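Residue-level structural notes
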Amino acid sequence: DTEVTQTPKHLVMGMTNKKSLKCEQHMGHRAMYWYKQKAKKPPELMFVYSYEKLSINESVPSRFSPECPNSSLLNLHLHALQPEDSALYLCASSHRYPGASGTGELFFGEGSRLTVL
Amino acid sequence: KNQVEQSPQSLIILEGKNCTLQCNYTVSPFSNLRWYKQDTGRGPVSLTIMTFSENTKSNGRYTATLDADTKQSSLHITASQLSDSASYICVVSASGNEKLTFGTGTRLTIIP
């Protein structure tokens, strides 16, 4: 099983709503990532979890709140978002860091398309 | 500052033709370089990963090259198919780093 599964595939929410994006992998990977991707732009790193601990937060606004309940699951809680937060949110996982010895191949999910009205 | 630049920005070719996409990087210290294929609205899929010691790697009709001296990589697609229409992203990682540096991608369109 080399899949990273993201739900929901599409989400439309108002600026006062609270919603969550979910990501799951069963490859035994210990690093998990959230990326944000705007149209025609490369993915931008938001958060990295390593061994279920937050290791990188790329100065993401507090209206995005990540959570890693266990080694297979990664959530992104959304609250009071702005229309400019509309984007494709990608989850990824890897056995080791991309720059660690070995290649640390990153496996991406299909993404969650978020629209904030 | 670590940077990855790709060219061309976009490319249109006829089905069955070959093409080559370019990637220049200034990531240091270099660990590895990856090429991803991303269909519109979907997650990137890895095509190849190359470390410092590898200068060519193939995955079916995709062949990537790496020149670590000039810090350049290319992705060659042979006998293109309509399903090759996608964005191709060059991504470089630095040693000991959790982060990847992404290029802005080349948007490839194959026409029948």
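Coordinates for the structure precede this section.
Below you will find a few notes about this structure. (Residues numbered from 1 in each chain as written. Chains lettered and ligands numbered in written order. Predicted model: local features only at pLDDT ≥ 70, side-chain atom pairs only at ≥ 80, totals over all residues. Heavy atoms only, no water.)

**Looking at the overall build of chain A**
Within chain A one finds zero helices and eleven strands. Computed over C-alpha atoms, the radius of gyration of chain A comes to 14 Å, within 12% of the 13 Å expected from 2.2 N^0.38 for 117 residues, which places it in the range of a compact globule. Among the 117 residues that make up chain A, the fraction classed as buried is 48%. At a minimum sequence separation of 6, the contacts of chain A that also span at least 24 residues come to 55%. Carbon and sulfur atoms form 50% of the exposed surface of chain A, whose accessible area is close to 5700 Å². If you average the places of the 13 positive and of the 11 negative side-chain charges in chain A, the two averages end up 6 Å apart. (Helix = DSSP H or I, 4+ residues; strand = E, 2+ residues; numbered from the N terminus. Rg over C-alpha atoms; globule rule 2.2 N^0.38 Å. Buried < 20%, exposed > 50% of the residue type's maximum accessible area, 1.4 Å probe, protein only. Contact = heavy atoms within 4.5 Å. Areas by Shrake-Rupley, 256 points an atom, 1.4 Å probe, with all protein chains shown as cover. Lys, Arg positive; Asp, Glu negative; His and termini not counted. Charge placed at Lys NZ, Arg CZ, Asp CG, Glu CD.)

**Examining the interface of chain B and chain A**
In this complex, chain B contributes 24 residues to the contact, which on the side of chain A involves 24 residues. Carbon and sulfur atoms make up 57% of the area that chain B and chain A hide from each other, which totals about 1800 Å². When the buried area of chain B at its contact with chain A is split by residue, Glu-98, Lys-99 and Phe-102 of chain B rank highest and sum to 32% of it. Run the count over chain B and chain A and you get two salt bridges. Glu-110 of chain A is paired through a salt bridge with Arg-42 of chain B; the nearest N and O atoms lie 3.0 Å apart. Its residues assigned to classes, the side of chain B that touches chain A shows seven nonpolar, 13 polar and four charged. (Buried area = accessible area lost by both parts, 1.4 Å probe. Salt bridge = Lys/Arg side-chain N within 4 Å of Asp/Glu carboxyl O. Nonpolar A, V, L, I, M, F, W, Y, C, P; charged D, E, K, R; others polar.)

**What to know about a nonpolar patch on the surface**
Residues and elements named next belong to chain B. A cluster of nonpolar side chains, contributed by Ile-12, Leu-14 and Ile-111, occupies part of the molecular surface with about 280 Å² of accessible area. You can see Ile-111 is positioned in strand E11 (residues 106-111). Ile-111 sits in the partly exposed class, given a relative accessible area of 35%. (Patch = residues over 30% accessible without salt bridge, like charges linked within 9 Å, V, L, I, M, F, W, Y side chains within 5 Å.)

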